[in-house]
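Geometric and topological summary
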Protein chains: 2
Amino acid sequence: MVRWEPDAQGRLRLAAVALFAENGYEQTTVAQIAARAGVTERTFFRYFADKREVLFPGGHDLETFLAGHVAAAPPSATPLTAIAGALEAAAAAFFTAEHQVMSRQRHLVISSSPDLQERELLKLASFAAAFAAALRERGVSEPGASLVAESGVAVFKTAFARWVADDARQGLAGIIEETLAELKAVVCAS
Amino acid sequence: MVRWEPDAQGRLRLAAVALFAENGYEQTTVAQIAARAGVTERTFFRYFADKREVLFPGGHDLETFLAGHVAAAPPSATPLTAIAGALEAAAAAFFTAEHQVMSRQRHLVISSSPDLQERELLKLASFAAAFAAALRERGVSEPGASLVAESGVAVFKTAFARWVADDARQGLAGIIEETLAELKAVVCAS
């Protein structure tokens, strides 16, 4: 059998997002996801605790990546510049053009369910907490560290929504940069 | 019987938050909440769909209040100033010194449970969406409207956490004003 994706976990994610987009999140069963991915249900549960978690993998990896980039920013970087650098690095590493279709499907599925939105918001809140902790390590005091961390996550969320809606005209890193300039324009004008 | 609170709904909220703080959210039953409030379980379910909802009442009222204040801000107000005014008005109307102990207990209960945190984040996200819609009505374009709305909610969240931790030395409106100045300092320095 020729595998069209390197790993069972990746196949399960793609299968799940495609089935959710086709038939709805509520209507899709783990059995259907496993069948489409060509694995057993038992294999599904080796990777994911439940149907919801298949939409939220690797959150911890991304969080570690983001916090690590903030920590590694040059000492001269301002808090917002350090966060912007981390977000743009994540865009280049995790959200390239080839991820865009799947990211869009996932975004639509999550938008369709308050339960999934809550889970997504919790993930974003944990990114903000990780950013704030990394900034405090750099000597940024509170509440400034938390505020700039939350603003950075707002930039990411807004830029991500534009990216998945955009038919890949522009890369996510460029949209993040533009969105950041927009944040500064609107906050600093006041 | 002398009622120590004007309404059953308010008594149920106070009873629930006190029991959650004493015994833990998971360990507390609706029957216990109703008994402490001096009403039947049936009365509980007349006001709240389930145990979780008793912690999240009036969210829609507050959302309408906030959006209404943004809409009513003077035409010269910048987006951030309009949001700041709405938050400070909400502080004065909903979060006075006498609400502080209950707000603190509620805050601690929510912090103890990812499920409750998710619900709280969804409520805050709906405030951000209401702010963004009210700003678009004022002619603010996207993504600026969403970004400043999210930043305003970040200010509220951060200020609220400081307020409940603060033993009421300072009113919430004053903390919001300080937190807003901090946001501008850290975003605009970059």
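Residues numbered from 1 in each chain as written. Chains lettered and ligands numbered in written order. Predicted model: local features only at pLDDT ≥ 70, side-chain atom pairs only at ≥ 80, totals over all residues. Heavy atoms only, no water.

What to know about the overall build of chain A
Looking only at helices and strands, chain A has nine helices and zero strands in total. Scanning chain A from its N terminus toward the C terminus, one meets helices and strands in the order α-α-α-α-α-α-α-α-α. The C-alpha radius of gyration computed for chain A amounts to 18 Å, which stays within 12% of the reference 16 Å derived for 190 residues, consistent with globular compactness. Each principal axis of the C-alpha atoms in chain A carries an extent, and together these give about 55 × 35 × 30 Å. In chain A, of all internal contacts separated by at least 6 residues, the share reaching a separation of at least 24 is 62%. Summing over all exposed atoms, chain A offers an accessible surface of approximately 8,800 Å²; the carbon and sulfur share of this is 55%. (Helix = DSSP H or I, 4+ residues; strand = E, 2+ residues; numbered from the N terminus. Rg over C-alpha atoms; globule rule 2.2 N^0.38 Å. Contact = heavy atoms within 4.5 Å. Areas by Shrake-Rupley, 256 points an atom, 1.4 Å probe, with all protein chains shown as cover.)

Topic: the domain arrangement of chain A
All names here are of chain A. Each assigned domain of chain A is listed here: domain 1 (8-53) and domain 2 (58-188). Between domain 1 and domain 2, the residue contacts involve nine residues of the former and seven residues of the latter. Of the roughly 860 Å² buried between domain 1 and domain 2, counting both surfaces, carbon and sulfur atoms make up 68%. When residues of domain 1 are sorted by the area they lose upon contact with domain 2, Val17, Tyr25 and Arg52 head the list and together hold 57% of the total. Between domain 1 and domain 2 we count two salt bridges in total. The interface formed by domain 1 and domain 2 holds two residue pairs in polar contact (both at pLDDT 80 or more) in total. Of the residues contributing to the side of domain 1 that touches domain 2, the split by class is six nonpolar, no polar and three charged. (Domains from an automatic or database assignment. Buried area = accessible area lost by both parts, 1.4 Å probe. Salt bridge = Lys/Arg side-chain N within 4 Å of Asp/Glu carboxyl O. Polar contact = N/O pair within 3.5 Å; in protein donor to acceptor, adjacent residues only side chain to side chain. Nonpolar A, V, L, I, M, F, W, Y, C, P; charged D, E, K, R; others polar.)

Here's the deal with the side chain of Ser151 of chain B
Take Ser151 of chain B: it is sitting in helix α8 (residues 144-164). Those residues in contact with Ser151 of chain B, other than ones at most four positions away along the chain, are Ser151, Leu183 and Val187 of chain A together with Leu183 of chain B.

So, the relation of the copies chain B and chain A
Taken as rigid bodies, chain B and chain A are interconverted by a rotation of 180° and an axial shift of 0.0 Å, the fit giving an RMSD of 0.0 Å. What we have between these two chains is a two-fold relation. Every residue of chain B has its C-alpha some distance from the rotation axis, and the shortest such distance is that of Glu118 of chain B, at 2.5 Å. (Least-squares fit on C-alpha atoms with pLDDT ≥ 70 in both.)

As for the interface of chain B and chain A
Each side of the interface is counted separately: chain B has 32 residues, and chain A has 32 residues. Summing both sides of the interface, chain B and chain A together bury roughly 2,900 Å²; the carbon and sulfur share of this comes to 70%. Summed over the shared surface of chain B and chain A, the number is four salt bridges. Across the pair Glu118 of chain B and Arg52 of chain A runs a salt bridge, and its minimum N-O distance is 3.5 Å. Listed by contribution, the elements that provide at least two residues to the side of chain B that touches chain A are α5 (79-94), α7 (114-137), α8 and α9 (172-188) of chain B. Considering every element that reaches the side of chain B that touches chain A, the biggest residue donor is α8 of chain B, with ten residues.

Remarks on the packing of aromatic side chains
Enumeration according to the criterion identifies 22 aromatic pairs over all chains in this entry. When the ring of Phe94 of chain A is compared with that of Phe95 of chain A, the centres are 6.3 Å apart and the planes differ by 50°; the resulting orientation is tilted. Since its relative accessible area comes to 30%, Phe94 of chain A is described here as partly exposed. Residue Phe95 of chain A is classed as buried on the basis of its relative accessible area of 16%. Look at Phe95 of chain B and Trp163 of chain B: their rings are 6.3 Å apart centre to centre, the planes differ by 75°, and that puts the pair in the edge-to-face class. (Phe/Tyr/Trp six-rings, centres within 6.5 Å; stacked < 30°, edge-to-face > 60°. Buried < 20%, exposed > 50% of the residue type's maximum accessible area, 1.4 Å probe, protein only.)

Looking at helix α6 (residues 100-111) of chain B
Residues and elements named next belong to chain B. The end-to-end C-alpha distance of α6 is 16 Å, a good match for the 16 Å that twelve residues give at a rise of 1.5 Å each. Buried within α6 are the following residues: Gln100, Met102, Ser103, Arg106, Val109 and Ile110. As for α6, its buried residues are in contact with α1 (8-23), α7 and α8. (Expected span 1.5 Å × (residues − 1).)

Points about the nonpolar core
If you look at the biggest cluster of nonpolar residues, it comprises 82 residues, and the most contacted ones within it are Phe131 and Leu172 of chain A together with Phe131 and Leu172 of chain B. If near-sequence neighbours (up to four positions away) are discounted, Leu172 of chain A is found in contact with Ala91, Phe95, Phe156, Ala159, Phe160 and Trp163 of chain A. (Core = buried A, V, L, I, M, F, W, Y, C linked by side-chain atoms within 4.5 Å.)

Looking at the state of the cysteines
Here the structure, examined in full by the defined rule, presents one disulfide over all chains. In this model, Cys188 of chain A is linked to Cys188 of chain B through a disulfide, with the two sulfur atoms separated by 2.1 Å. One disulfide, between Cys188 of chain A and Cys188 of chain B, carries an S-S torsion of -100° and so falls in the left-handed class. Of this pair, Cys188 of chain A sits in helix α9 (residues 172-188) while Cys188 of chain B sits in helix α9, on two different chains. Cys188 of chain B sits in the partly exposed class, given a relative accessible area of 31%. (Disulfide = S-S within 2.5 Å.)

Section: the packing of α8 of chain B against α9 of chain B
Residues and elements named next belong to chain B. Running from amino to carboxyl end, α8 crosses α9 at an angle of 130°, the nearest separation of the two axes being 9 Å. Between α8 and α9, the interaxial angle falls into the category oblique. In the packing of α8 onto α9, the handedness of the crossing is right-handed. Along its contact with α8, which presents Ser151, Val155, Phe156, Thr158, Ala159, Phe160, Arg162 and Trp163, the element α9 presents Leu172, Ile175, Ile176, Glu178, Thr179, Leu180 and Leu183. Of the residues contributing to the contact of α8 with α9, the split by class is ten nonpolar, three polar and two charged. (Axes fitted to C-alpha atoms, helices over the stretch in contact; angles between N-to-C directions. Parallel < 35°, antiparallel > 145°, perpendicular 65-115°, else oblique. Left-handed = near helix turned anticlockwise from the far one by under 90°.)

What to know about the packing of α7 of chain B against α8 of chain B
Residues and elements named next belong to chain B. It is at 8 Å that the axes of α7 and α8 come closest, and there the two elements cross at 135°. With respect to α8, the element α7 is oriented oblique. Pair α7 / α8 crosses with right-handed handedness. Contacts between α7 and α8 involve Leu121, Leu124, Phe127, Ala128, Phe131, Ala132, Leu135 and Arg136 from the first element and Ala145, Ser146, Val148, Ala149, Glu150, Val153, Phe156 and Lys157 from the second.

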